[in-house]
Amino acid sequence: MIIAVDGPTASGKGTIAKALAEHFRLPHLDTGLLYRAVGRQCFLDGGNPDDPVAALAACSFPDALLTDLELRSEATGGLASRVSVHPAVRQALFERQRSFATQMSGAVLDGRDIGTVIAPEAAAKLFVTASVEARAWRRHLEMEAQGRDHSLEEIAADLAARDERDRNRKDAPLVAAEDAVLLDTSELDRDAAVAAAIAAVEACVSRALS
Ligand code: C5P
């Protein structure tokens, strides 16, 4: 079974995808991490993330980079959103994501285009959203816990800029698949969001079996 979890930054999709993987005992891939690694490698190479040639060259990042804590930073998230605009970068990362999705065991993948491009045949597709305010607040708490100081306004502006770029790019824009279940987590805590996601996946599976 393939489970696709898409949605904007800080919507809770990563937490939900991890919990679904644990619940259904499936391997999980956070595809945002791949784009973050490309953005980070481009920066380390001194390249311009808006230049398709420099961004494509950064796609051959070493696997060890995937464990770099700097990948989780807001700055790297911004770089990821810039390199992910280029079709050649998306193409270069496609096969890695596709083979993860189609492995025998099944898989959970989270990202922006899993249900639309990477695994349109997924048995269950969730599109996780939350208001900008709720997402900015969560990100603020996360950063505070890591000792990073960013104002709520700064974080909200950064999220809005990334949303705008992800939604409006020509190739694989952030959009819910037609058959995705929408899950708004604005008013839900972690456990309630995970319970709603598990129920949605079970409903998709029993619909497919009936
Ligand atoms: O999900 P995360 O915030 O880690 O993703 C970082 C950036 O990578 C996103 O803003 C988006 O531009 C890009 N991305 C993408 N397609 C995916 C996953 C992430 O374009 N499947």
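Read on for a plain summary of the structure. (Residues numbered from 1 in each chain as written. Predicted model: local features only at pLDDT ≥ 70, side-chain atom pairs only at ≥ 80, totals over all residues. Heavy atoms only, no water.)

1. Some details on the overall build of the chain
Secondary structure summary: the chain contains nine helices and five strands in total. Each helix (α) and strand (β) of the chain, taken in turn from the N terminus, gives the series β-α-β-α-α-α-α-β-α-β-α-α-β-α. Relative to a compact globule of 210 residues, whose C-alpha radius of gyration would be 17 Å, the chain shows 17 Å and is just as compact. A principal-axis box enclosing the C-alpha atoms of the chain has dimensions of 55 × 35 × 30 Å. Across the 210 residues in the chain, those meeting the buried criterion constitute 46%. Taking contacts inside the chain between residues at least 6 apart in sequence as the whole, the part at least 24 apart equals 77%. Accessible area of the chain: about 10,300 Å², with a carbon and sulfur share of 56%. (Helix = DSSP H or I, 4+ residues; strand = E, 2+ residues; numbered from the N terminus. Rg over C-alpha atoms; globule rule 2.2 N^0.38 Å. Buried < 20%, exposed > 50% of the residue type's maximum accessible area, 1.4 Å probe, protein only. Contact = heavy atoms within 4.5 Å. Areas by Shrake-Rupley, 256 points an atom, 1.4 Å probe, with all protein chains shown as cover.)

2. Concerning unusual backbone geometry
At Ala10, a position not held by glycine, the phi torsion is positive, near 60 degrees. With respect to the helices and strands, Ala10 occurs in the loop between strand S1 (2–6) and helix H1 (13–23). Positive phi is not limited to glycine here, since Ala172 has a value of about 50 degrees. By secondary structure assignment, the location of Ala172 is in the loop between helix H8 (152–168) and strand S5 (181–184).

3. Looking at the nonpolar core
Within the largest apolar cluster, 27 residues are counted, with the highest numbers of intra-cluster contacts made by Val38, Phe61, Val89, Leu93 and Leu109. For this core, the elements supplying multiple residues, two or more each, are S1, helix H2 (31–44), helix H3 (52–57), helix H4 (74–83), helix H5 (87–101), strand S3 (107–111) and helix H6 (114–118). Residue contributions to this core peak at six residues, all from H2. With near-sequence residues (within four places) excluded, Leu109 lies in contact with Ile2, Ile3, Ala4, Val5, Leu29, Thr31, Gln97, Phe100, Ala101, Ile114 and Ile118. Counting residues in hydrophobic clusters, the runner-up holds 20 residues, among them Ala19, Ala21, Val128 and Leu183. (Core = buried A, V, L, I, M, F, W, Y, C linked by side-chain atoms within 4.5 Å.)

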